[in-house]
Amino acid sequence: MKRFILILQFMTRIPINIDVGFDEDFHKSLYYFPLVGFVLGVLSFTIGVVSIKLFDPFIVSIIITLSMILLTGGLHIDGVGDTFDALYSYRNKEKMLEIMKDSRLGTNSLLAIIFLILMKVGFIYSLIKYNLLWIIIFMPVVSRLSVLLMTYKTVTPRKKGMGNLFIGKGTFDMIVIGTTYTIIFMILIGRFAFNESNIMIIKMATSIIPVFLFTYIFKKHVYKKIDGVTGDILGCTIEISELVYLIYMYLLVI
């Protein structure tokens, strides 16, 4: 429980005024990454349910997308911007790492963030129209599950950085356990909370496959660029994995 509270405080802006002290094995909180996503998913879904009583689906999809950014303090969306500015600057490795640390917004960053948000809004809007809002509960769950794969057998090209707390610390057990309880959550929530069919639940569970495939390909791509993974890359992985999840579910159920 202590590590879960710590990682919830670390990865979100949810006000939890509990001082649980420092954990020397903080990297073991990776086990709880999908669970943090579940908390974010439930909160976003709740915000969506309340908003739909006041606004039309398009406005609600914007509110949900905005809520995810606010709940995480923009931490991961910032990673998207820094990653695209750096990796697609066509510079050498050292310059790319330098660009990642630069707080200024470049063209690649701006375009990546704009289109990411627009696409999320569009796909969430489509899910709402077909009365499938509950599917977004697992969007941040599956995306944070992907981080376990991104931190598995990886190294960091930097000596310092927040991402260093987790990079290379992911284990096969973490991936298996995280995947297992993610699927269990899908079954319980889908079946008992929303009375969905087994076919729908199976479709949702298979969303892990394309997200893992994207993560694997992205990891290989990043290694070719900077010979490792950074905290910005982890944040970018979360954001794009959410989009991959939305696209997959849209194609499968609509």
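Along each chain, the written sequence defines residue order, and numbers are assigned to residues from 1. In view of the model being predicted, local features appear only for residues whose pLDDT reaches at least 70, and side-chain atom pairs are presented and counted only at 80 or more, with totals across whole chains, interfaces and linings using the full set of residues. Excluded from the side-chain calculations are hydrogens and water; all other atoms, namely the structure's heavy atoms, are used.

Caption draft 1: Representation of the overall build of the protein chain in the model. Counting its regular elements, the protein chain contains eleven helices and zero strands. When the elements of the protein chain are put in sequence order from the N terminus, they spell out α-α-α-α-α-α-α-α-α-α-α. As a reference, a globule follows 2.2 Å times the number of residues to the power 0.38, and the radius of gyration itself is taken over C-alpha atoms. Here the C-alpha atoms of the protein chain give a radius of gyration of 18 Å, agreeing with the 18 Å that 2.2 N^0.38 yields for 254 residues. Its C-alpha atoms give the protein chain principal-axis dimensions of about 50 × 40 × 35 Å. Within the protein chain, the proportion of its 254 residues that are buried is 51%. Working rule for contacts: check all heavy atoms of both residues, and any pair within 4.5 Å makes them a contact. Sequence-distant contacts, at least 24 apart, represent 76% of the contacts inside the protein chain between residues at least 6 apart. Each accessible area is a Shrake-Rupley estimate made with a 1.4 Å probe; only the visible protein chains count as cover when residues are assessed. Summing over all exposed atoms, the protein chain offers an accessible surface of approximately 12300 Å²; the carbon and sulfur share of this is 66%. Think of it this way: any DSSP run of H or I at least four residues long counts as a helix, any run of E at least two long counts as a strand, and we number them from the N terminus. Throughout this description, buried means an accessible area under 20% of the type-specific maximum (1.4 Å probe, protein chains only), exposed means over 50%, and partly exposed covers the range between.

Caption draft 2: Molecular detail of unusual backbone geometry. Unlike most non-glycine residues, K153 shows phi in positive territory, near 55 degrees. By relative accessible area, which is 66% here, K153 ends up exposed. One non-glycine residue, D227, lies in positive phi territory at about 60 degrees. Take D227: its relative accessible area is 44%, and that puts it in the partly exposed class.

Caption draft 3: Spatial organisation of empty space enclosed by the protein. Using a grid of 1 Å spacing that covers the protein atoms alone, one calls a set of points a cavity when a 1.4 Å probe fits there but cannot get out, and a pocket when the set is open and has protein on both sides within 12 Å along at least five of seven lines; lining residues are those with an atom within 4 Å of a point. Grid points are joined across faces, edges and corners, and a volume is the space filled by probe spheres set on the points. Across all of its chains, the model carries one cavity of 30 Å³ or more by this definition. Of the pockets and cavities examined, the largest cavity occupies roughly 30 Å³. Along the walls of the largest cavity sit T65, M68, I69, I77, I117, K120 and E239, which together make up its complete lining. Throughout this entry, Asp, Glu, Lys and Arg are counted as charged residues, while Ala, Val, Leu, Ile, Met, Phe, Trp, Tyr, Cys and Pro are counted as nonpolar. The remaining residues, Gly among them, count as polar. Here the lining of the largest cavity is composed, by residue class, of four nonpolar, one polar and two charged.

Caption draft 4: Quick look at the layout of surface pockets. Looking at the largest pocket, its volume works out to about 390 Å³. Every residue lining the largest pocket is counted, 23 residues in all, and those nearest its centre are L75, M162, G163, G231 and D232. Secondary structure elements with two or more residues in the lining of the largest pocket: α1 (2-11), α4 (75-87) and α11 (231-253). A breakdown of the residues in the lining of the largest pocket according to their chemical character gives nine nonpolar, nine polar and five charged. Considering only enclosed or pocket space, the second largest pocket measures out at about 150 Å³ in volume. Here the lining of the second largest pocket is built from residues that sort into nine nonpolar, one polar and no charged.

Caption draft 5: Region of the structure containing the pattern of salt bridges. The salt bridge criterion pairs a side-chain nitrogen of Lys or Arg with a carboxyl oxygen of Asp or Glu, the two atoms within 4 Å. One pass over the full model with this rule turns up six salt bridges. Because the salt bridges share partners, they merge into one network encompassing K120, R144, E239 and E242.

Caption draft 6: A nonpolar patch on the surface, seen in detail. A cluster of nonpolar side chains, contributed by L105, L110, L111, I114, F115 and L118, occupies part of the molecular surface with about 580 Å² of accessible area. Mapped onto the elements, F115 comes out in helix α6 (residues 107-129). Here, patches come from residues exposed beyond 30% relative accessible area and free of salt bridges, joined within 9 Å for like charges and within 5 Å for nonpolar side chains (Val, Leu, Ile, Met, Phe, Trp, Tyr).

Caption draft 7: Local environment of the nonpolar core. Core analysis: the biggest nonpolar cluster contains 74 residues, and W134, F138, I233 and Y245 have the highest contact counts within it. If you tally residues by element for this core, the top one is α11, at ten residues. Sequence-distant contacts of Y245, defined by excluding residues within four places in its chain, comprise I135, F138, M139, V142, M204, S207 and V211. Residues belong to one nonpolar core when they are buried, are Ala, Val, Leu, Ile, Met, Phe, Trp, Tyr or Cys, and are joined through side-chain atoms within 4.5 Å.

Caption draft 8: Representation of the packing of aromatic side chains in the model. For this analysis, a ring pair means two rings from Phe, Tyr or Trp (six-membered ring only for Trp) whose centres lie within 6.5 Å, classed as stacked if their planes differ by under 30 degrees, edge-to-face if by over 60, and tilted for the remaining angles. Per the counting criterion, the structure on display carries 14 aromatic pairs. Both rings, one in F33 and one in F166, keep their centres 5.3 Å apart while their planes meet at 70 degrees; by these two values the pair is edge-to-face. Here F166 lies in the loop between α7 (139-150) and α8 (172-193) and F33 lies in helix α2 (residues 33-51), a separation of 133 residues in the sequence. No difference in accessibility class separates F33 from F166, as the two residues are buried. Here a set of aromatic residues connected by ring pairs shows up, and it is made of F10, F26, F33 and F166.

Caption draft 9: The packing of α2 against helix α3 (residues 57-71), seen in detail. Their axes nearest at 9 Å, the elements α2 and α3 cross at an angle of 145 degrees. The element α2 and its partner α3 pack so that their crossing is right-handed. Touching L40, L43, S44, I47, G48 and S51 of α2 are V60, I63, I64, S67, M68 and L71, all from α3. For the contact of α2 with α3, a count of residues per class yields eight nonpolar, four polar and no charged. Only C-alpha atoms enter the line fits that serve as axes; for helices the fit covers just the stretch in contact. Angles between N-to-C directions range over 0 to 180 degrees. Whether a crossing is left-handed or right-handed is set by the direction in which the near helix is turned from the far one by less than a right angle, anticlockwise for left-handed and clockwise for right-handed.

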